[in-house]
Amino acid sequence: MQRILTIIGARPQFIKASVVSRAIQQNDGIEEIILHTGQHFDANMSDIFFNQLNIPRPDIQLDIHGGSHGEMTGRMLAEIEQALLEHKPDRILVYGDTNSTLAGALAAAKLHIPVAHVEAGLRSFNMQMPEEINRILTDQISDLLFCPTSTAVQNLNNEGFAHKPVQVLQVGDVMQDSALLFAEQASAPADDLPEGFILATLHRAENTDNPERLASIVAALNNINATLAPIVLPLHPRTRKLIAQHGLELNVHLIDPVGYFEMVWLLDHCELVLTDSGGVQKEAFFFGKACVTMRDQTEWVELIHAGANELVGADQGKIIDAANRNLGRKVQDTLQLYGGGRAAERIVSELLKAGI
Ligand code: UD1
Ligand code: UDP
């Protein structure tokens, strides 16, 4: 029986890990220990996902959040190392590109514990993004690199991974597994919502921490809400703080962050998705909706090539034009870009094959 220690800490990681944990439980060959770093800690940013998605309670609960990137990552590194020494896993499993991902991978690599990385190979080629640093470094110290897309495999090949003693495997995207698995449990948020709404999310540091970009996006959203269609926006705590700090007014239908079942309902019922989230770009696609992405680059370039997603950056005029062009537009996944919902199964089968 191999012992795998899963390290998660931020909202999207709970959603990704839920389907892999479920696949692990259906298998006798792996024992999973879950470590939650505490990076996200509000009930509606963390607990709700464990409850809704039936994720086993963390065996190890750290309480590390806030502070600078270095401080947060450093504290995680020290405390994860202790947990690894105590629990002696055969391998660790990390997801995506947050500070919890990098801290977990680095703590394990320093102890010579092999690292499996889910969502390996994604690149924005923008080293100003904390996520880009986290994912590049995590890939460098992983030996099982689970890529969601052919572009991710290509990115790793371009960085010379084909010549390293590691396995680069295209397994599909675990977020498609989650979307398919939980779609039936969609449930409307408790809030009173307008008809024909646009679903928006906004939280990335490159937008929220840059006052000009944030002001421009807020102006665009206010304009769209007033002239095109009502916007429903579950507001990330980071954005709530920064909007208040900069004295901005977001005049759209703001709601608190919602659980995954409510998010899936919103995705299913909206007329358009407007976002800077990585995960939500793909979920728009899984639910057949066009997406306007308020970033300068995306790691999910196949959505752009398929005409499902438009990249507009933070420019007020471009955001408004793209929303007008795309409202109500449906998109179709004819090419099965993300593996069709079997990524978790493939990951578990590869973990078993690897033996450690
Ligand atoms: C993190 C990830 C980002 C990911 C996002 C998912 C890094 C560097 N960034 O960004 O890649 O897209 O998670 O949502 O790891 N906060 C709360 N309550 C919470 C969670 C956060 O109040 O439950 C506050 C924090 O105290 C902090 C701010 O929100 O002030 C940002 O949180 P942090 O985890 O540092 O970064 P995210 O923006 O959430
Ligand atoms: N999500 C959610 N509730 C919300 C907003 C987002 O459940 O109020 C889900 C969303 O459906 C997706 C994931 O959180 O599965 C995306 O996380 P986020 O946008 O925070 O991070 P990113 O994907 O950009 O790293």
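Located above this text is the structure these notes cover.
Here's a quick rundown of the structure.

The rules we used
- Residues numbered from 1 in each chain as written.
- Chains lettered and ligands numbered in written order.
- Predicted model: local features only at pLDDT ≥ 70, side-chain atom pairs only at ≥ 80, totals over all residues.
- Heavy atoms only, no water.
- Helix = DSSP H or I, 4+ residues; strand = E, 2+ residues; numbered from the N terminus.
- Buried < 20%, exposed > 50% of the residue type's maximum accessible area, 1.4 Å probe, protein only.
- Polar contact = N/O pair within 3.5 Å; in protein donor to acceptor, adjacent residues only side chain to side chain.
- Contact = heavy atoms within 4.5 Å.
- Near = heavy atom within 4 Å.
- Areas by Shrake-Rupley, 256 points an atom, 1.4 Å probe, with all protein chains shown as cover.
- Nonpolar A, V, L, I, M, F, W, Y, C, P; charged D, E, K, R; others polar.
- Salt bridge = Lys/Arg side-chain N within 4 Å of Asp/Glu carboxyl O.

Some points on the side chain of Gln13
Moving on, step 1. Checked against the element boundaries, Gln13 lands in helix α1 (residues 11-25).
Moving on, step 2. Classification of Gln13 by relative accessible area gives buried; the value is 1%.
Moving on, step 3. Of the polar contacts made by the side chain of Gln13, one reaches the backbone nitrogen of Gly9; its length is 2.9 Å.
Moving on, step 4. Within the structure, the side chain of Gln13 is placed 2.9 Å from the side chain of Thr101, a separation counted as a polar contact.
Moving on, step 5. Gln13 has contacts with Ile8, Tyr95, Thr98, Ser100 and Thr101, leaving out every residue within four places of it along the chain.

What to know about the site of ligand 1
Moving on, step 1. Near ligand 1 you find 20 residues, and of these His40, Asn99, Glu131, His203 and Arg238 are the closest.
Moving on, step 2. At a separation of 3.2 Å, an oxygen atom of ligand 1 approaches a polar side-chain atom of His236.
Moving on, step 3. Arg238 is positioned with one of its side-chain polar atoms (N or O) 2.7 Å from an oxygen atom of ligand 1.
Moving on, step 4. Starting from 750 Å² of accessible surface for ligand 1 in isolation, the protein chains cover 89%.
Moving on, step 5. It is helix α10 (residues 237-245) that contributes the most residues to the shell around ligand 1, three residues altogether.
Moving on, step 6. The class makeup of the residues in the shell around ligand 1 is seven nonpolar, seven polar and six charged.

A closer look at the pattern of salt bridges
Moving on, step 1. Counting across every chain of the model gives 19 salt bridges.
Moving on, step 2. Residues Asp97 and Arg135 are paired through a salt bridge, measuring 2.9 Å at the closest nitrogen-oxygen approach. With Asp97 in the loop between β4 (91-95) and α4 (99-110) and Arg135 in helix α5 (residues 130-140), the pair connects residues that are 38 residues apart, well separated along the chain.
Moving on, step 3. Put simply, Asp173 and Lys282 hold a salt bridge, and the shortest N to O gap is 2.8 Å. Here the residue Asp173 occupies a position in the loop between β7 (167-170) and α7 (174-182), and Lys282 occupies one in helix α12 (residues 278-286), the gap between them amounting to 109 residues.

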